[in-house]
Amino acid sequence: MSYKDRRRFLWVLFLIGLALIAVVAQATTLVRLRFQDLVHYSYSIARVRCVHAESVMENGEIWTDTSFRVVSHNKGYLPEEIVVRQPGGKFQHLHSHVDGTPEFRPGEEVYLFLSAHAVGQFKIVGWAQGTFRIHRDLRSGGETVTQDSAETPVFDPASSSFTKTGVKNLSVDAFEQRVHHEMSRETE
Amino acid sequence: MSASPKENAVQTLLRQSASLAMTMFLLLWSVITAQGYAFNEIVPDVREPASVSGGSACPVPSHQLTTAAAIAFRWSTALGTNPKTILTQDQTAAGSLNEIEQVIQQSLAVWSGVSGTSLIPATFAPLARNSAANLCGSDGINSICFDQPDMAFTPGVLAFTRVITADQIGIQLGSGAPSTQIGQILDADIYFNPSDSLASFATPAALGANPKSYDLESLLTHELGHSLGFSHSAVWGAMMFPFAPAPGTFTGIRPTAQQPDAPLGDDDRTGLRVLFHDPADTLFIGSIQGRILPANLLSLPASPPGVTGIFGAHVVAVDTASGAVIAGTLGGWSCQAPGPAQFDGTYEIGALAVNHTYKIYAEPLNGAVGPSEVSNALVSLCRNSTTDPGWPPLEACVVPQPDIEFTTATRSSP
């Protein structure tokens, strides 16, 4: 592609972006939750390690129950192991799909913002918005945290503007400080 | 590159990423059975006889049947009042229901209004009303519910669609007919959050007066896309882009009698043509296939074994003449019967208009759309003995992590 073509393409992308940023706001299934909203709505906030997932049929619907071992918790009380229930999964020859639900792999560590569902069973507040993946840098050993919805541009009615307020590549320490800060604001 | 049936050419080189390797972007002449778009994929249960499983572990896109009146929807006229979440211009009981029903019919017509597909208006059975509350459920009947609580709702969740697909022929769900195809959608229910005091949905007629409400038509059209088999699209402006318009606004252009599919993006139309191929169509029959490969093979993941190309790249076709993004798909795999999927970097963009010239671009899913928004199109490509006890080893695979760190560069065509 010639330099002229590249410039033309970049301009097209830029103009499309300008046009669309005026309309894009929230996930189809999700409405924007600010970080303080996530903290507020959460019964518990915890760092957890995925153990395994299994699908169950209950009340005629298929759910995926993912078991997590609790590594530490920042808010609320949690037992050593919890189950997070999400819609969708596979049961016998039926596959139930619900787009927008986060997936977890055994061994993966994440911070989850949880609301209580039943004894020992939880839901993730705002689905992708309440899911924060932990990434460990193999060279430095440092850990960072990125929200599944980090790149979602959100519309702030107060300022009539769009911003990306998601958490991206934040150090674990800074992330936990932010959680504690919002929790302390809540109790004031 | 001109797209003609099964005609491809070498075009672009992409420079690879984190490891500073070069990613070579090859467009190959091939007849590989390539991956779908961002469709919800399902791997047939090859533990069952070939007569019901098809005998292949290649993923199949979820889809509806397209015979006359094959897709039937009903909607629950039970509407919440505390909070009142569905806002209409007509405040009378009958007028309000008529206005909502018009939105549903309009949204269905958006999808059946696309040319060059087998999904035509007659594919949809007449829309039915039902006054029962809690109408949605796995009963083999597609339903739309505006006032049904569901365990899946949490703060911040506006609406979702639960799509149930069978992985073999002959599966029956509730009162629905037994499946006749693998990947056939047996039930698709659309739920709108009935109890979030922060979220309300307005019909197009009522949206102007309720600027803090979400456009019911845009959200419903998007959710209906899921009910047809779509996952999310990473193309901005597509109806299946996973982010809804801001309160008080709507996606694309409102449909008209002249252009019922106006709200859709070209990417939605192309995807629909791929999913519901019209054998009589002679215009949208072009396809571009290729592979996305790292120049430095050491940059490929060591686990799971057998990954030979970039997985999870967003591959986009841009019409050279107009500059419009015509389609985008998720690249990275191919499959030839009896499977399983091979993670060799393959992509295919099908149902392209012939006699047009396209440029192909590849980008990682690290922008506005991430792997989690299209997970149903990625994580369901494989089954194995861990996910399904007794799964035959020769037809087993493990889905690798999408590569979201590669970077690309382009150079002129040779």
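None of these values were measured; they are calculated from a predicted model.

Draft legend 1. Quick look at the overall build of chain A. For chain A, the helix and strand inventory stands at 3 helices and 13 strands. By residue count, 38% of the 188 residues in chain A fall in the buried class. Taking the intrachain contacts of chain A between residues at least 6 apart in sequence as the baseline, contacts between residues at least 24 apart amount to 54%.

Draft legend 2. Just the sheet that holds strand β10 (residues 185–192) of chain B, in detail. The strand order β5(A)-β6(A)-β9(B)-β10(B)-β8(B)-β5(B)-β7(B) describes an open sheet built from 7 strands, whose pairing is mixed. The sheet is open, and its two edges are formed by β5 (89–91) of chain A together with β7 (128–130) of chain B, each paired on a single side. Strand-to-strand, the axes of this sheet are offset by a mean angle of 20°, without reference to chain direction. Note that strand β6 (residues 94–97) of chain A and strand β9 (residues 159–166) of chain B share 4 bridges and pair antiparallel. Its bridge partner lying in β9(B), His95(A) is registered against Thr165(B). Its contacts with the sheet put helix α4 (residues 216–228) of chain B on β8 (142–145), β9 and β10 of chain B, and the angle it makes with β9(B) is roughly 15°.

Draft legend 3. Main features of the nonpolar core. Leu112(A), Ala317(B) and Leu352(B) are the most contacted members of the largest nonpolar core, which totals 130 residues. Sort the elements by how many residues they give to this core and helix α2 (residues 93–112) of chain B lands first, with 6 residues. Shared between two domains, this core takes at least three residues from each, and those domains are domain 1 (12–61 + 276–395) and domain 2 (73–264) of chain B.

Draft legend 4. Looking closely at the domain arrangement of chain B. Residues and elements named next belong to chain B. Segmenting chain B into domains produces domain 1 (12–61 + 276–395) and domain 2 (73–264). Contacts between domain 1 and domain 2 engage 30 residues on the former and 22 residues on the latter. Those elements giving two or more residues to the side of domain 1 that touches domain 2 turn out to be α1 (50–53), β4 (60–61), β15 (313–319), β16 (325–331) and α6 (375–378). Its residues assigned to classes, the side of domain 1 that touches domain 2 comprises 18 nonpolar, 7 polar and 5 charged.

Draft legend 5. Structural detail: the sheet that holds strand β18 (residues 358–363) of chain B. Residues and elements named next belong to chain B. Reading across from one edge, β16-β15-β18 is the order of the 3 strands in this open sheet, with antiparallel pairing throughout. Two strands close off the open sheet at either side, each with one partner strand: β16 and β18. Direction aside, the axes of adjacent strands within the sheet are offset by 20° on average. Sheet analysis places β15 next to β16, joined by 6 bridges and oriented antiparallel. Within the sheet, the bridge partner assigned to Val318 lies in β16 and is Val325.

Draft legend 6. Summary view of the environment of Pro102(A). Residues and elements named next belong to chain A. Relative to the elements of secondary structure, Pro102 occurs in the loop between β6 and β7 (109–118). Look at Pro102 and you get buried, because 22 C-beta atoms sit within 10 Å. With 71 residues separating them in the primary sequence, Pro102 and Asp173 have C-alpha atoms 24 Å apart.

Draft legend 7. Geometry of the environment of Gln89(B). Residues and elements named next belong to chain B. Take Gln89: it is sitting in the loop between β6 (86–87) and α2. Residues Gln89 and Asp45, spaced 44 residues apart in sequence, show a C-alpha to C-alpha distance of 49 Å. In this view, Gln89 contacts Glu99, Thr203, Ala205 and Ala206; residues no more than four positions away in its chain are not counted.

Draft legend 8. Just α2(B), in detail. Under the 1.5 Å per step criterion, the end-to-end length of α2(B) is 29 Å for 20 residues, consistent within 8% with the ideal 28 Å. Burial in α2(B) covers these residues: Glu99(B), Ile100(B), Val103(B), Ile104(B), Ser107(B), Leu108(B), Val110(B), Trp111(B) and Ser112(B).

Draft legend 9. Structural detail: the pairing of β9(B). Along β9(B), 8 of the 8 residues are buried, which leaves the element largely enclosed by surrounding structure. Side chains Ala159(B), Thr161(B), Val163(B) and Thr165(B) project from β9(B) onto one buried face, and the interleaved Phe160(B), Arg162(B), Ile164(B) and Ala166(B) project onto a second face that is buried too.

Draft legend 10. Representation of unusual backbone geometry. Residues and elements named next belong to chain B. Here the amide bond leading from Ser303 into Pro304 is cis, since omega sits at -5°, within 30 degrees of zero. Note on placement: Pro304 falls in the loop between β14 (286–294) and β15. That bond from Gly339 to Pro340 is cis: its omega, 5°, falls within 30 degrees of zero. Relative to the helices and strands, Pro340 resides in the loop between β16 and β17 (346–352). If you check the backbone angles, Asn134 has positive phi at about 50° while not being a glycine.

Draft legend 11. Representation of the pairing of strand β5 (residues 73–76) of chain B. All names here are of chain B. In this sheet, β8 lies alongside β5 in parallel orientation, the contact comprising 3 bridges. Within the sheet, the bridge partner assigned to Arg74 lies in β8 and is Ser143. By the bridge criterion, 3 bridges tie β5 to β7 in an arrangement that is parallel. Bridge pairing in β7 places Ser76 opposite Asn130.

What counts, and where the lines are drawn
- Residues numbered from 1 in each chain as written.
- Chains lettered and ligands numbered in written order.
- Predicted model: local features only at pLDDT ≥ 70, side-chain atom pairs only at ≥ 80, totals over all residues.
- Helix = DSSP H or I, 4+ residues; strand = E, 2+ residues; numbered from the N terminus.
- Buried ≥ 20, exposed ≤ 12 C-beta atoms within 10 Å, placed from the backbone.
- Contact = placed C-beta atoms within 7 Å.
- Pairing = 2+ DSSP bridges.
- Axes fitted to C-alpha atoms, helices over the stretch in contact; angles between N-to-C directions.
- Core = buried A, V, L, I, M, F, W, Y, C linked by C-beta atoms within 7 Å.
- Domains from an automatic or database assignment.
- Nonpolar A, V, L, I, M, F, W, Y, C, P; charged D, E, K, R; others polar.
- Expected span 1.5 Å × (residues − 1).

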